[in-house]
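As a plain string of letters, each chain reads:
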Amino acid sequence: MLIASKNKKQIINAEHCMAIFANTENHRVIASDPRGKNMILDSYGTEEEVLKAVEILVNRLRTAPDRAVIVYMPTDEEVETALIGQREHYRHLDGRKTKGHGGS
C-alpha cells in the first residue's frame, strides 16, 4: 500500500514504514523506516490539525480494500471539516446561548 502526500509530490510504501506519527511541535506527519530514518509526509497548521490528519490517515489505511491501493494524506480542507464536526458548542448553565451566536 502506498501513501501519497497532499501535493502528490511524494509517495512512500506503507509496508516499509515502522511507524507513522504526528510531530506536534512542528505540526508534521512523519513516517519512520526500518533504519530509523524519518520522512516528512505532510505539514499542517496546528497541533489539533496534525492529530486529526493522523486519525484520518489511520482510518483510510484500515479501510483500504487491498494492498495495491494509493492512500492520500488528508487535505487541509478535509481536516478542517472533520474538526468543525467535533468542536463543542457552549451554552450557559440555564440553556441560553452564549453571546456571539448570531441570533437576537
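You'll find the structure just up there.
Computed from a predicted structure; not experimentally measured.

1. A word on the side chain of D42
Turning to its location among the elements, D42 is positioned in strand β5 (residues 38-43). A polar side-chain atom of D42 sits 2.7 Å from the main-chain amide nitrogen of K6. Look past the residues within four positions of D42 in its chain and what remains in contact with it is S5, K6, H27, R28, V29 and M73.

2. Looking at the packing of aromatic side chains
In total, this model carries 0 aromatic pairs according to the counting rule given. Over the ring of Y44 we find K6; its NZ or CZ atom is 4.0 Å from the centre of that ring.

3. Brief notes about the sheet that holds β5
Here we have 3 strands laid out as an open sheet, ordered β3-β4-β5, and antiparallel in their pairing. At either margin of the open sheet sits one strand with a lone partner, and together these are β3 (19-23) and β5. Sheet twist, expressed as the mean angle between neighbouring strand axes with direction ignored, is 25°. As judged from the 5 bridges shared by β3 and strand β4 (residues 28-32), these two strands associate in the antiparallel manner.

4. Section: unusual backbone geometry
Positive phi outside glycine occurs at K8, with the angle close to 65°. Even without a glycine there, the phi angle at H27 is positive, about 60°. By the secondary structure assignment, H27 is in the loop between β3 and β4.

Calculation rules
- Residues numbered from 1 in each chain as written.
- Predicted model: local features only at pLDDT ≥ 70, side-chain atom pairs only at ≥ 80, totals over all residues.
- Heavy atoms only, no water.
- Helix = DSSP H or I, 4+ residues; strand = E, 2+ residues; numbered from the N terminus.
- Polar contact = N/O pair within 3.5 Å; in protein donor to acceptor, adjacent residues only side chain to side chain.
- Contact = heavy atoms within 4.5 Å.
- Phe/Tyr/Trp six-rings, centres within 6.5 Å; stacked < 30°, edge-to-face > 60°.
- Lys NZ or Arg CZ within 6 Å of the ring centre and 35° of its normal.
- Pairing = 2+ DSSP bridges.
- Axes fitted to C-alpha atoms, helices over the stretch in contact; angles between N-to-C directions.

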